[in-house]
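Structural overview for review
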Amino acid sequence: MESTLDSLLLGFSVALRPDVLWYAFLGCIVGTLVGVLPGIGPLSGISILLPVTFGLDATKAIVMLAGIYYGSQYGGSTTSILMRIPGEAASVMTCIDGYAMAQKGRAGAALCIAAVGSWIAGTFGVLMLTLIAPPLATFALRFGPPEYTALLVLGLIFLAYMSSTSLPRTLLMATIGLLLGTIGIDSMTGHFRYSFDIAELGDGLGIVPVAVGLFGLGEILSTPSADVVGRVMTPKLRELLPSWAEWRESAFPIARGSVLGFLIGLTPGSAHIISSFLSYALERRLSRHPEQFGKGAVAGVAGPESANNSASTGAFVPMLALGLPTGPVVAVLMAALLVHGVPPGPQLVSEHPDIFWGFIASMYVGNVMLLALNLPLVGLFVNVLRIPYVYLYPLVIMFCVIGVYAVNNSIIDVWIMLIMGVFGYLLRKFNFDPAPLVLGLVISPTFEMSLRQSLVMSNGNWTIFFQRPISAVLLAISVSLLLLSAVSMLRQRKDWRTKLAEAEAGEPSP
Amino acid sequence: MNLRNDHVTGGALIAAGLIVWALSADLPTGRLSMPGAGMMPKLLCVLIVFFGIALLLRAKESPLLSTVEWADIRHAGPVIAITAAAAALYSTLGFVITMTLLLFALLCFERRNLVAAAIYSIGISVATYALFTIVLKTPLDQGLLPI
């Protein structure tokens, strides 16, 4: 504990440097804007701005990009409450009661509860990250290739289990991602795979063009400008304070949302989206007045908003401690660290303590910054929504092109983005979630390498995965999850994942 | 038979899996004790075909193909075409000219006032170029324009 505190002090000495503070501030501002604007999610925001961080050192880069990530969770609630438009997917549940509160003239109170809840949950998440990540990283140092293979298999199966689309669809997307990840030079034998004599493909498909194409461009292609209409409601500063009764009603939902969100954040999948849905369901179940949900229940705003912020922080635990991305946003953040020559994983704490602890400390600072920024400046952020979408989306396309091109100064990457944009558009049409594809792409090299290394070290004996205790346990959990999913599919039961899919599609769930 | 979404996606995925398998023909599969460069891709092709078959078998649970809404293709089609043209011209024309043309074309497609569209396109492109090259120190292509 003492060493954790000493390390945290080291982190604060990094995070409170004026230059690092400036980039944390910049990240929070951009993140809030990304969260406010419909059509630009945290993933495209981070991907587009990734090249901007190339000139920075690794600490500033990751601090700024993480600021965009958790800033977007704060910003997403603003449009949900004021306009019933979720700025990003995790704010879908906030739309229901947040907008109903706004209709009753309590928009300011809803925004304040969402911001304070987000701050408490974000800080709780960082506190847990501080306590859990270092010992987990120490434990992960025992992992060899078979354990990593089993861990990645578990990650993919867990992702499929938690997904709101069906198990085969999610695993299929992850498999396509893994296959795309094999493009380029095979690092063990030097063979070129599927590069079709295009030199740029020798290095493989970059995560940025694929992610920006699938999420940034794909979203724009699916959103005709005529469909985006917005009436902007701006609450006054003095209307922001909730009443005593509203504070009291939000206290326990915030606490429950923080714990639930963090736990779900540790698991692969769209944790911040799932956590907000589950928190909403939990609050409705526990409420003495469930009939108020949908009509402006304070708990319906406080719980989901806290849960999605806590989940965003929880997602950093597997990334920092194990080098395992649990979602596409975290995968892009991992790519950002790799670009700066800092591999995330068990060695990060021991080899780059300034980056690890500086990053954690910056999240404490960033959460305070967001609280201070979001409430007084809500009117300013909301005004961004007055920019007509027809002027906004060409701008986003331009930034997609710059963002993708600037990573390698390669026009091939822009073409890949365009192809992925079309692919993302088609995936939406046929009800596929593109997130597992990005995840598969990111883990593909590690997965293939650890699988092949395991087979080489066991002289081709595949039972090595069951002979080593850690990998055997991880694989046993994977098999259990597959069996649970199979039972659910065979019984045709409507479980929480089906209800989540319905909620995301805006359909009622009986 | 009424064609459903997953009949199309399942069929397309089986075809894709087989095509990638064929493209992997020259990659050595190796042995289990020394896997080659082709082992992983071929394994993944098998999985894709397997999931494609799973989708086909459960296709009756998916919506009818005729219910897929394609109205937004009138927006998506021109956006794809304009962005593709920008990608093709970028290396030759450089950032400012290409992005001005990209923004202007998209705004014209949205039936905005031509003068306003031109001012917006030029202003945004030049400002972004200045932001990236001067403030963020990230060089962008000059192309034909000697800035």
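**Digging into the overall build of chain A**
On a plain count of helices and strands, chain A comes out with 23 helices and two strands. Looking at chain A residue by residue over its 510 residues, the buried ones come to 63%. Considering only intrachain contacts with a sequence separation of at least 6, the fraction spanning at least 24 residues in chain A is 79%. Accessible surface, chain A as shown: approximately 18700 Å² in total, 66% of it carbon and sulfur.

**Notes on the overall build of chain B**
Within chain B one finds four helices and two strands. In chain B, the order of α-helices and β-strands from amino to carboxyl end is α-β-β-α-α-α. Taken against the 2.2 N^0.38 rule, which gives 15 Å for 147 residues, the C-alpha radius of gyration of chain B at 24 Å runs more than 25% over that of a compact globule. Oriented by its inertia axes, the alpha-carbon framework of chain B measures out at about 60 × 45 × 25 Å. When burial is assessed residue by residue, chain B has 41% of its 147 residues classed as buried. The long-range share in chain B, meaning contacts at least 24 apart out of those at least 6 apart in sequence, stands at 60%. Surface summary for chain B: the accessible area is close to 7700 Å², and the carbon and sulfur share equals 72%. Here chain B contributes 9 positively and 7 negatively charged side chains, and the mean placements of these two sets differ by 3 Å.

**Some points on the interface of chain A and chain B**
Taken together, the contact between chain A and chain B spans 57 residues of the former and 59 residues of the latter. Where chain A abuts chain B, roughly 5400 Å² becomes buried across the two surfaces, and 77% of that area is made up of carbon and sulfur atoms. Summed over the shared surface of chain A and chain B, the number is two salt bridges. Linking D72 of chain B and K429 of chain A is a salt bridge whose minimum nitrogen-to-oxygen distance equals 3.0 Å. For the interface between chain A and chain B, the tally reads eleven residue pairs in polar contact (both at pLDDT 80 or more). Mapped onto the side of chain A that touches chain B, the elements with two or more residues apiece are helix 8 (167–180), strand 2 (192–193), helix 9 (207–221), helix 18 (389–408), helix 19 (411–429) and helix 20 (435–457) of chain A.

**Observations regarding the environment of A105 of chain B**
All names here are of chain B. Within the element layout of this structure, A105 appears in helix 3 (residues 73–109). For A105, a relative accessible area of 27% translates into the label partly exposed. Separated by twelve residues in the primary sequence, A105 and A117 place their C-alpha atoms 8.7 Å from one another.

**So, helix 10 (residues 244–265) of chain A**
For the α-helix, the turn length of 3.6 residues means that residues three or four positions removed from each other point alike. Taking 1.5 Å as the rise per residue, helix 10 of chain A with 22 residues should run 32 Å; its terminal C-alpha atoms sit 31 Å apart, in good agreement. Taking the largest bend as the criterion, helix 10 of chain A deviates by roughly 30°, centred on S250 of chain A, and proline P253 of chain A comes between one and four positions later.

**Overview of the confidence of the model for chain B**
Per-residue confidence for chain B gives a mean pLDDT of 89; residues scoring 70 or more make up 97%. Note on the complex model: pTM 0.80, ipTM 0.93.

**Examining the pattern of salt bridges**
Opposite charge on two side chains allows them to pair when their charged atoms are near. All names here are of chain A. A full pass over the atoms with the stated rule returns twelve salt bridges over all chains. Among the ionic pairs, R17 bridges to D19, the shortest N-O distance being 3.4 Å. For D19, a relative accessible area of 29% corresponds to the partly exposed category. In this structure, R106 and E246 form a salt bridge, with 2.7 Å as the shortest nitrogen-oxygen distance. Remark: E246 occurs in helix 10 and R106 occurs in the loop between helix 5 (92–103) and helix 6 (107–140); sequence separation between them is 140 residues. What emerges from the salt-bridge pattern is a single network uniting R17, D19, D57 and K60.

**A closer look at the environment of T313 of chain A**
Residues and elements named next belong to chain A. Inspection of the secondary structure assignment puts T313 in helix 12 (residues 299–314). The exposure class of T313 is buried, given its relative accessible area of 3%. In sequence terms T313 and Y425 are 112 residues apart; their C-alpha atoms lie 29 Å from each other. With residues near it in sequence (within four places) discarded, T313 still touches G122, G125, V126, L129 and M363. Engagement of the side chain of T313 in a polar contact is seen with the backbone oxygen of N309, the distance being 3.1 Å.

**Focus: unusual backbone geometry**
Residue and element names in this part refer to chain A. Located in the positive-phi region is D197, a residue other than glycine, with phi close to 60°. Within the chain, N409 stands out as a residue other than glycine whose phi angle is a positive 50°. Within the secondary structure, N409 is located in the loop between helix 18 and helix 19. According to the relative accessible area criterion, N409 is partly exposed, its value standing at 48%.

**Section: the nonpolar core**
With 156 residues, the main nonpolar core has I207, F316 and M319 of chain A together with F95 of chain B as its most contacted residues. Per-element accounting of this core gives the leading share, 14 residues, to helix 3 of chain B. Aside from chain neighbours lying at most four places away, what touches M319 of chain A is I62, L324, V330, L333, M334, L337, P344 and G345 of chain A. In this structure, L82, L240, V298 and A302 of chain A belong to the second largest nonpolar core, which totals 28 residues.

**A word on the side chain of T94 of chain A**
Residue and element names in this part refer to chain A. Looking at the element boundaries, T94 is found in helix 5. Taking relative accessible area as the criterion, T94 reaches 0% and is therefore assigned buried. Looking at T94, its side chain comes within polar contact range of the side chain of E305, at 2.7 Å. The residues touching T94, leaving out its near neighbours within four places in the chain, are S77, S80, I81, Y99, V301, P304 and E305.

**A few points about helix 1 (residues 5–23) of chain B**
Between its terminal C-alpha atoms helix 1 of chain B stretches 27 Å, which fits the 27 Å expected from 19 residues at 1.5 Å a residue. Looking at helix 1 of chain B, one finds that the buried residues are N5, D6, H7, T9, G10, L13, I14, G17 and V20 of chain B. Buried residues along helix 1 of chain B sit against helix 8 and helix 19 of chain A together with helix 2 (39–57) of chain B.

**What about the environment of F215 of chain A?**
Residue and element names in this part refer to chain A. For F215, the position within the fold is in helix 9. With 132 residues separating them along the chain, F215 and M83 place their C-alpha atoms 22 Å apart. Once residues within four sequence positions are removed from consideration, F215 is found in contact with L43, P328, R428, P434, A435 and V438.

**Overview of a nonpolar patch on the surface**
Together, F196 and I198 of chain A together with I19 and L23 of chain B make up a nonpolar patch on the protein surface, roughly 380 Å² of accessible area in all. The topology assignment puts L23 of chain B in helix 1.

**Focus on the side chain of T59 of chain A**
Residues and elements named next belong to chain A. Positionally, T59 belongs in helix 4 (residues 58–83). Here T59 falls in the buried class, since its relative accessible area comes to 7%. With sequence-adjacent residues up to four places away left out, T59 is seen in contact with V14 and I355.

**A closer look at the packing of aromatic side chains**
The description of an aromatic ring pair uses the distance of the two centres, along with the angle that the planes make with each other. Evaluation of the coordinates by the stated rule reveals 16 aromatic pairs over all chains. Ring pairs connect the aromatic residues Y69, F316 and F359 of chain A, which therefore count as one cluster. For R169 of chain A, the ring lying beneath its charged end belongs to F432 of chain A, and the centroid distance is 4.2 Å. Sitting over the ring of W21 of chain B, K42 of chain B keeps its end group 5.9 Å from the ring centre.

Rules of the game
- Residues numbered from 1 in each chain as written.
- Chains lettered and ligands numbered in written order.
- Predicted model: local features only at pLDDT ≥ 70, side-chain atom pairs only at ≥ 80, totals over all residues.
- Heavy atoms only, no water.
- Helix = DSSP H or I, 4+ residues; strand = E, 2+ residues; numbered from the N terminus.
- Buried < 20%, exposed > 50% of the residue type's maximum accessible area, 1.4 Å probe, protein only.
- Contact = heavy atoms within 4.5 Å.
- Areas by Shrake-Rupley, 256 points an atom, 1.4 Å probe, with all protein chains shown as cover.
- Rg over C-alpha atoms; globule rule 2.2 N^0.38 Å.
- Lys, Arg positive; Asp, Glu negative; His and termini not counted.
- Charge placed at Lys NZ, Arg CZ, Asp CG, Glu CD.
- Buried area = accessible area lost by both parts, 1.4 Å probe.
- Salt bridge = Lys/Arg side-chain N within 4 Å of Asp/Glu carboxyl O.
- Polar contact = N/O pair within 3.5 Å; in protein donor to acceptor, adjacent residues only side chain to side chain.
- Expected span 1.5 Å × (residues − 1).
- Bend = angle between axes of the 7 residues up to and from the residue.
- pLDDT = per-residue confidence, 0-100.
- Core = buried A, V, L, I, M, F, W, Y, C linked by side-chain atoms within 4.5 Å.
- Patch = residues over 30% accessible without salt bridge, like charges linked within 9 Å, V, L, I, M, F, W, Y side chains within 5 Å.
- Phe/Tyr/Trp six-rings, centres within 6.5 Å; stacked < 30°, edge-to-face > 60°.
- Lys NZ or Arg CZ within 6 Å of the ring centre and 35° of its normal.

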